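Survey of secondary and tertiary structure
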Amino acid sequence: MIRCVVTISIQKRPFHNSSALFAGKKSLSAIRAQNATVSLPNKHAIVVGGTSGIGEGMAHRFAKANVSVTIIGRSKARGEEIVKTLASLSSSKETNHGFIACDSFLMKNIQTACAEIKSKQQSLDYLVLSQGISAFQRTDTPEGIDQKLALHYFGRVMFIRELLPILRHTAEVGGDISKVMSVLTPGVHKPYKHYQSDFELIQNYSAANSADAGCFYNDLAMDAFSHQPGNERIAFIHSAPGFVNTNLGRDLPWFAQIGMKILSPLARTPEDLLKYFVIHSLIANKQDYS
Ligand SMILES: NC(=O)c1ccc[n+]([C@@H]2O[C@H](COP(=O)([O-])OP(=O)(O)OC[C@H]3O[C@@H](n4cnc5c(N)ncnc54)[C@H](OP(=O)(O)O)[C@@H]3O)[C@@H](O)[C@H]2O)c1
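Residues numbered from 1 in each chain as written. Predicted model: local features only at pLDDT ≥ 70, side-chain atom pairs only at ≥ 80, totals over all residues.

1. Some points on the overall build of the protein
Along the backbone of the protein there are ten helices and six strands. Buried residues in the protein amount to 41% of all 290 residues. Of all intrachain contacts in the protein linking residues separated by at least 6 positions in sequence, the fraction that spans at least 24 positions is 75%. (Helix = DSSP H or I, 4+ residues; strand = E, 2+ residues; numbered from the N terminus. Buried ≥ 20, exposed ≤ 12 C-beta atoms within 10 Å, placed from the backbone. Contact = placed C-beta atoms within 7 Å.)

Set out below in structure tokens:
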């Protein structure tokens, strides 16, 4: 039963196929022109992990589409620098960008950040969860959770749970669907086999088990949220970016960093990925292409 859940696609609209789905209704060049100029100044996105790599690239693409973006990360200086870049990419005066500092290793910090968000805004159209690290070893947070699992699974569920009221409100009032995207590794890893006896990887930590668990738990969490009553108008997406040239390996041992450098010419740039991740998966609606 569990295996069956893992193999299904959680994406409501698989990003690789979305243009093909609507092909024949509008020419590819017309769709590209529409994508290039799409402007949504009334929409708001939150990008956790928006201070680097895939999340930062996604924040740029949202800003170009005049979506207001709040990025979340640890470094205030870096966050403020990116907010300036986002402002330079947006052409609408209605668009506002911001940064919230949050060390997302800790669940209590996530609750504080989400309370701040909910005190400032009643609506949220896009929630992107792209916070992540690479690690070969277990490191406990002060709350007793492994750091990597805290970022890749527990913290993502906490962000979604805390922000559900404004995601639901947006969909109810605006009539469009709200979208949550967890950027990790669907379809890449096996189900973690000790999930019943050692859910938090206390006895069975290894790089492979940690990768399997993060992927497996995200599949199940996105599926569970999508079936939860009240979430009918929210799309929950677990997306695989493939191999992208970012800062992800910065905390790995030197030999692994050299390995990643050697392989980096095979990786895509975040900009290449964004054509699919932001426009096709998140912004585009079927009626946009009819
Ligand atoms: N790059 C790839 O090839 C690839 C492949 C498959 C999956 N992924 C997944 O994609 C996601 C994004 O990775 P990326 O490649 O864009 O990596 P990245 O460039 O290293 O970005 C990671 C982001 O996570 C944030 N982060 C790390 N620790 C944090 C913490 N304690 N609290 C809050 N934010 C924290 C970082 O912000 P601060 O350091 O400023 O806090 C940064 O914005 C990750 O989950 C990764 O596993 C990446």
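Let's pick the thread back up.
2. What to know about the sheet that holds strand β4 (residues 126–129)
Read from one edge to the other, the open sheet built from six strands follows the order β3-β2-β1-β4-β5-β6, with strand pairing classed as parallel. Each edge of the open sheet carries a strand with a single partner, namely β3 (98–101) and β6 (234–239). Within the sheet, the average angular offset between the axes of one strand and its neighbour, ignoring direction, is 15 degrees. Sheet topology note: the strand β1 (residues 44–48)/β4 ladder contains four bridges and is parallel. Note on β4: the bridge partner recorded for A45 is Y126. Sheet strands in contact with helix α5 (residues 76–89) are β2 (68–73) and β3, and its direction is about 165 degrees off that of β3. (Pairing = 2+ DSSP bridges. Axes fitted to C-alpha atoms, helices over the stretch in contact; angles between N-to-C directions.)

3. Some words on helix α4 (residues 53–64)
Structural remark: α-helix, 3.6 residues per turn; residues separated by three or four positions point the same way. With twelve residues, α4 ought to run about 16 Å at 1.5 Å a step, and its terminal C-alpha atoms sit 17 Å apart, in line with that. Of all twelve residues that make up α4, eleven are buried, and the element is covered over most of its length. Of the residues making up α4, those classed as buried are G53, I54, G55, E56, G57, M58, A59, H60, R61, F62 and A63. One or two steps after α4, the chain reaches N66, where phi turns positive at roughly 65 degrees. (Expected span 1.5 Å × (residues − 1).)

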